[in-house]
Every structure is written in C-alpha cells, then in structure tokens.
Amino acid sequence: MRARCAQHALGRIVTVVCLALAGCGDKPPSALGGDPDNGRLLLRQFGCGSCHRIPGVASARGNVGPSLEGVGKRVYLGGVLPNTPENMVRWILDPKQFDSETAMPDLPVAEGQARDIVAYLQGLK
C-alpha cells in the first residue's frame, strides 16, 4: 500500500515538473506580434541610438531624446500619447502627428518594422 502511494505521489510530482518545464525557453508573446530580435536590429539600422540611450543596442548612447530604458512602463509617449503598444507604433510611424514640436524625426519605418521595434522596446520594462 505504501509503495503504491509513493508511486502515485511520484507520478504527480513528475507530471507537475514536466508541465512546468514545458514552458521553459518559450518567449512571452511580443507586442502586436512583432519580432523583438529584429526590432533591436532595426533600432540600430535606423540610428535611433544617435538620440536615445537604448539598452542592448550597440552604440545607442544618445542624449538628445529620452533614454528608452523602461519605456514600456511609462504612462505617456512624448508626454502626450497614452503608452500602449498600438500608440507606440503610431508614434514611431508619425511622431509629428501627435506633437508638431517634437525633435523626433519622421523616419521611413514600415508598420511591420515599427511593430518589431515596439516588441523590443516593450521588453525593456
């Protein structure tokens, strides 16, 4: 009887451990389905680090715009737009639509590229 109880308990433990390990290594779903790894590369390609400090992006040590460290936790983007992944894409695509005085330039970023950038930036929480 004890052997059967021990086997049953061991079976439950093995099941729980297997279920827990099944999720290991999986990345959480990214913002708007973007690719954060590509987003990090795009931030470098578009020269975003010339104006911003961006953790994880080579040579991104600019001081013109705000640091993007923790940008996913901020309440507003550019001080005017509620910070959601959707609004961050909109801001990247056309910042002057929301603040005509912003120093952020309009860059030739496609919407899919903006989603990738947002996926990376949202991970900087």
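Relevant structure appears above.
Please read all numbers here as calculations on a predicted model, not as lab measurements.

What follows concerns the nonpolar core. Counting residues in hydrophobic clusters, the biggest one holds 22 residues, and the most contacted among them are Leu 43, Ile 54, Met 88, Ile 92, Ile 117, Tyr 120 and Leu 121. Only helix H2 (36–45), helix H3 (85–93) and helix H4 (111–122) provide two or more residues apiece to this core. Of the residues forming this core, the biggest block, 5 residues, is contributed by H4. When near neighbours in sequence (up to four residues on either side) are disregarded, Ile 117 contacts Gly 39, Leu 42, Leu 43, Phe 46, Ile 92 and Val 109.

A rise of 1.5 Å per residue sets the reference length of H4, with its 12 residues, at 16 Å; its end C-alpha atoms lie 16 Å apart and thus fit the reference within 8%. Within H4 the residues assigned to the buried category are Ala 114, Asp 116, Ile 117, Val 118, Ala 119, Tyr 120, Leu 121 and Gln 122.

Turning next to H3. Here H3 has its buried residues at Asn 87, Met 88, Val 89, Trp 91 and Ile 92. If you follow the buried residues of H3, they end up packed against strand S1 (76–77), strand S2 (81–82) and H4.

This part takes up the layout of surface pockets. Empty space within the largest pocket amounts to approximately 520 Å³. Lining the largest pocket we find 27 residues, and of these His 52, Pro 66, Leu 68, Trp 91 and Met 104 sit closest to its centre. Looking at the lining of the largest pocket, the elements with two or more residues in it are S1, H3 and H4.

On to the environment of Val 89. Summarising the element assignment, Val 89 is placed in helix H3. Between the alpha carbons of Val 89 and Ala 114 there is a distance of 5.4 Å; along the sequence they are 25 residues apart. Those residues within four positions of Val 89 in sequence are excluded, and the remaining contacts are Leu 32, Glu 111, Ala 114, Arg 115 and Val 118.

We now examine the packing of aromatic side chains. Counted by the stated rule, this structure contains 1 aromatic pair. Both rings, one in Trp 91 and one in Phe 98, keep their centres 6.4 Å apart while their planes meet at 25°; by these two values the pair is stacked. Per residue, the accessibility class of Trp 91 equals that of Phe 98, and both read buried.

Moving on: the pattern of salt bridges. Throughout the structure, instances matching the rule amount to 1 salt bridge. Here Glu 111 ties to Arg 115 by a salt bridge, and the two come within 3.8 Å at their closest N and O atoms. Of this pair, Glu 111 and Arg 115 both sit in helix H4, 4 residues apart, roughly one helical turn. Judged by its relative accessible area of 29%, Arg 115 falls in the partly exposed class.

Conventions we followed
Residues numbered from 1 in each chain as written. Predicted model: local features only at pLDDT ≥ 70, side-chain atom pairs only at ≥ 80, totals over all residues. Heavy atoms only, no water. Core = buried A, V, L, I, M, F, W, Y, C linked by side-chain atoms within 4.5 Å. Buried < 20%, exposed > 50% of the residue type's maximum accessible area, 1.4 Å probe, protein only. Helix = DSSP H or I, 4+ residues; strand = E, 2+ residues; numbered from the N terminus. Contact = heavy atoms within 4.5 Å. Expected span 1.5 Å × (residues − 1). 1 Å grid on protein atoms, 1.4 Å probe; cavity = no way out; pocket = protein on both sides within 12 Å on 5 of 7 lines; lining within 4 Å. Points joined across faces, edges and corners; volume = space filled by probe spheres on them. Phe/Tyr/Trp six-rings, centres within 6.5 Å; stacked < 30°, edge-to-face > 60°. Salt bridge = Lys/Arg side-chain N within 4 Å of Asp/Glu carboxyl O.

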